[in-house]
Amino acid sequence: MAITVFVALWWLCVVVFHIESYVLPSPAEAVQAMVKYRYPLFTHGMATLTTTLIGFAIAVVFGLFLGVLVGSWPLFYAGLYPLLVGFNSVPKAALVPVFVIWFGVGTVPAVMTAFMLSFFPVVANIATAFATIEPELLEVMRSLGASRLDMIMKIGIPRSLPFFFASLKIAITLAFVGSVIAEIVAGNKGIGNVMLVASSNFNVPLVFAALIVVGIMGVGMYAIFDLFERRMTGWSVRRGPSIETSKG
Amino acid sequence: MSFINIVDVDLAYSGTDASGFSAQTLAVSSANLTIEHGEFVALVGPSGCGKSTLLKLVSGLVPPSAGVVKVEGKEVTQPLKTVGMAFQNATLLPWRNILDNVLLPLEIVQPYRKTFKRDRKVNRERAEALLAKVGLSEFANKMPYQLSGGMQMRAQLCRALIHEPSILLLDEPFAALDTFTREDLWGVLQDLWSFRKCTVILVTHDLREAVYLAQTVYVMSSRPGRIIKTQSVDIPRPRTLDSTFQPDFVDLVQDLRHHIALGKRS
């Protein structure tokens, strides 16, 4: 519904204001470009998807690890958190040339950028989930002789799952942004590279077709995580009728 | 030697005072308690008087600043593994059903931990028996949010008892419940205690609750908390709600109330 309205508005603007297709193509032209360039769009799309997912996967593993660390030990919270916030404030696009100097042109800088952009939400969410465990619960666990590992495995991880999935949804979209930026700045393949080449040829419909492809991939990944979230953290949503029996 | 001995115990929390200097707040001051095996003890007093702190001292979660806490003749230096705890908030794990919540201690505490997987069936039966005891048989497979506050508290009591602790520490367990539910749960707790015969220390600000449940009621003064009155309760068991309207019950409650008022003033 919302998408239909958006496309209609887009189309309306193009028609009403007589916008040339090298400025803003109509949706139809974008779709035509998608069909016409379907083969390169597909291969480069897959390249971007791979890059994004690798960067994202590293971000998730790293983010989980760091999040548990920062959330479980006040010392790490005090010491690492400001550093992480500082890191996250650095514009990642500015780092791409540095990565190119370090790793050369190609996939590695894109993976790095995707990782850099997407790990922070994971860390922040996991750390918050761990740091806000109810103190009474910790006392119960401590009095049972639970180790740190017990606390993390039995309380921390399950409790942080809803936060974790929320962060995955943010992180995956940021990972796409990261890899496409890197491909535009210093890529030799991928959707970002397609966009760069297309815009330098004034093939604006192709630029938009590429944008649509990125958008579709993002929505697709988002939907997958949403599905996982529903299956794994149903308890936090409290769907379904709760039974109201007599008190006590 | 009694089961639990608390000898001249002080506890000071360090923090910062209003002007930002580090200061020590004395939460408990020269507390002396002896609790027998299987005794039901209640601690009452104005809020903030260090009742909960005393519980933490017994459980070993907090070391005393001065004095000695002994359980079974041994000084408590680290968290005891033979205690069960229940709090005002039910603190059930929302992602586990009631049965798995009750089983949690067995996954952690030794010696059950070693054989938890192997004894799955036995453990399950034990948990179910306990749940039946508090009237939650049909709710074993429900999630915590599907239960009322009182039912969650019953489940929490089961969780506190599943590993057969010798000491049960209850920190205002029924404070968040409505009066009817609370009075129901007094009965439930009395049954559990007479069935398990573990030592119970109950912190409460409800004097009727204290007199209904306990053999000995300790009254604490406001901060720094010291014990200003020890009152034994000889009302025959099982006590019922009717007992709470008997003259001797009412007198006891009145007397305790008087002592608490005195404790506030001092």
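Residues numbered from 1 in each chain as written. Chains lettered and ligands numbered in written order. Predicted model: local features only at pLDDT ≥ 70, side-chain atom pairs only at ≥ 80, totals over all residues.

1. Concerning the overall build of chain A
The helix and strand tally for chain A stands at eleven helices and zero strands. Taken from the N to the C terminus, the helices and strands of chain A come in the order α-α-α-α-α-α-α-α-α-α-α. With respect to the principal axes defined by its C-alpha atoms, chain A has extents near 70 × 55 × 30 Å. Expressed as a percentage of its 248 residues, the buried residues of chain A come to 37%. (Helix = DSSP H or I, 4+ residues; strand = E, 2+ residues; numbered from the N terminus. Buried ≥ 20, exposed ≤ 12 C-beta atoms within 10 Å, placed from the backbone.)

2. Quick word on unusual backbone geometry
All names here are of chain B. With an omega of -5°, the peptide bond running from Arg237 to Pro238 counts as cis. One non-glycine residue, Glu164, lies in positive phi territory at about 50°. Position of Glu164 among the secondary structure elements: in the loop between helix H4 (149–161) and strand S7 (167–171). A tally of 13 C-beta atoms within 10 Å means that Glu164 is categorised as partly exposed. Positive phi, normally seen in glycine, also occurs at Lys197, with a value near 55°.

3. Examining the packing of helix H2 (residues 98–108) of chain B against H4(B)
Residue and element names in this part refer to chain B. Between H2 and H4, the shortest axis-to-axis distance is 7 Å and the interhelical angle comes to 30°. When the axis of H2 is compared with that of H4, the two are roughly parallel. Remark: the crossing between H2 and H4 carries right-handed chirality. Taken together, the residues of H4 that come into contact with H2 (itself represented by Ile98, Asn101, Val102, Leu104 and Pro105) are Ala155, Cys158 and Arg159. Residues that form the contact of H2 with H4 fall into these classes: six nonpolar, one polar and one charged. (Axes fitted to C-alpha atoms, helices over the stretch in contact; angles between N-to-C directions. Parallel < 35°, antiparallel > 145°, perpendicular 65-115°, else oblique. Left-handed = near helix turned anticlockwise from the far one by under 90°. Contact = placed C-beta atoms within 7 Å. Nonpolar A, V, L, I, M, F, W, Y, C, P; charged D, E, K, R; others polar.)

4. Comments concerning the environment of Val7(A)
Residue and element names in this part refer to chain A. Tracing the backbone through its elements, the reader meets Val7 in helix H1 (residues 2–16). A residue is classified by how many C-beta atoms lie within 10 Å of it, and Val7, with 15 of them, is partly exposed. On a C-alpha basis, the gap between Val7 and Ser26 in space is 9.0 Å, while along the polypeptide they are 19 residues apart.

5. Overview of the pairing of strand S3 (residues 40–44) of chain B
All names here are of chain B. Counting buried residues in S3 gives five out of five residues, a clear majority hidden from the surface. Of the two faces of S3, both are covered, the one formed by Phe40, Ala42 and Val44 as well as the one formed by Val41 and Leu43. As defined by bridge partners, S3 adjoins strand S8 (residues 199–203) across four bridges and the pair is classed as parallel. Bridging from a neighbouring strand, Phe40 pairs with Val200 of S8. Sheet topology places S3 next to strand S9 (residues 216–220); four bridges connect them, and they run parallel. Looking at the pairing, Leu43 lines up with Tyr218 of S9. (Pairing = 2+ DSSP bridges.)

6. Focus on the interface of chain A and chain B
With 21 residues of chain A at the contact, the number on the chain B side is 26 residues. Looking at the side of chain A that touches chain B, the elements that each hand over two or more residues are helix H7 (135–143), helix H8 (148–186) and helix H11 (234–237) of chain A. Per element, the largest residue contribution to the side of chain A that touches chain B is six residues, and it comes from H7(A). Here the residues of the side of chain A that touches chain B are counted per class, giving seven nonpolar, six polar and eight charged.

7. Focus on the nonpolar core
Considering soluble globular proteins, one finds that nonpolar side chains tend to be buried as a cluster. With 87 residues, the main nonpolar core has Val41(B) and Cys158(B) as its most contacted residues. Among the elements that take part in this core, H4(B) stands out by supplying seven residues, more than any other. Ignoring any residue separated from it by four or fewer positions in sequence, one finds Cys158(B) in contact with Val102(B), Ala127(B), Leu130(B), Leu131(B) and Val134(B). Ranked by size, the runner-up nonpolar core spans 54 residues in total, among them Ala129(A), Ala171(A), Ile172(A) and Ala186(A). (Core = buried A, V, L, I, M, F, W, Y, C linked by C-beta atoms within 7 Å.)

8. Some points on helix H10 (residues 204–232) of chain A
Residue and element names in this part refer to chain A. In this model, H10 (29 residues) spans 42 Å end to end at C-alpha, consistent with the 42 Å of a helix rising 1.5 Å per residue. Every buried residue belonging to H10 is among Pro205, Leu206, Val207, Phe208, Ala209, Ala210, Val213, Val214, Met217 and Met221, and all of these are buried. Each element contacted by the buried residues of H10 is listed here: helix H2 (27–36), helix H3 (38–72), H8 and helix H9 (191–200). (Expected span 1.5 Å × (residues − 1).)

9. Observations concerning the confidence of the model for chain B
Of the residues in chain B, 95% have a pLDDT of 70 or more, and the chain-wide mean is 85. Model confidence for the complex is summarised by a pTM of 0.78, with the ipTM given as 0.76. (pLDDT = per-residue confidence, 0-100.)

10. Observations regarding the confidence of the model for chain A
All names here are of chain A. Per-chain confidence: chain A averages 87 in pLDDT, with 95% of residues scoring 70 or above. In the model of chain A, H11 stands out as the element of lowest mean pLDDT, 74, in contrast to H3, which has the highest, 92. With pLDDT under 50 throughout, residues 240–248 is counted as low confidence; its partners more than four residues away or in other chains account for 14 contacts.

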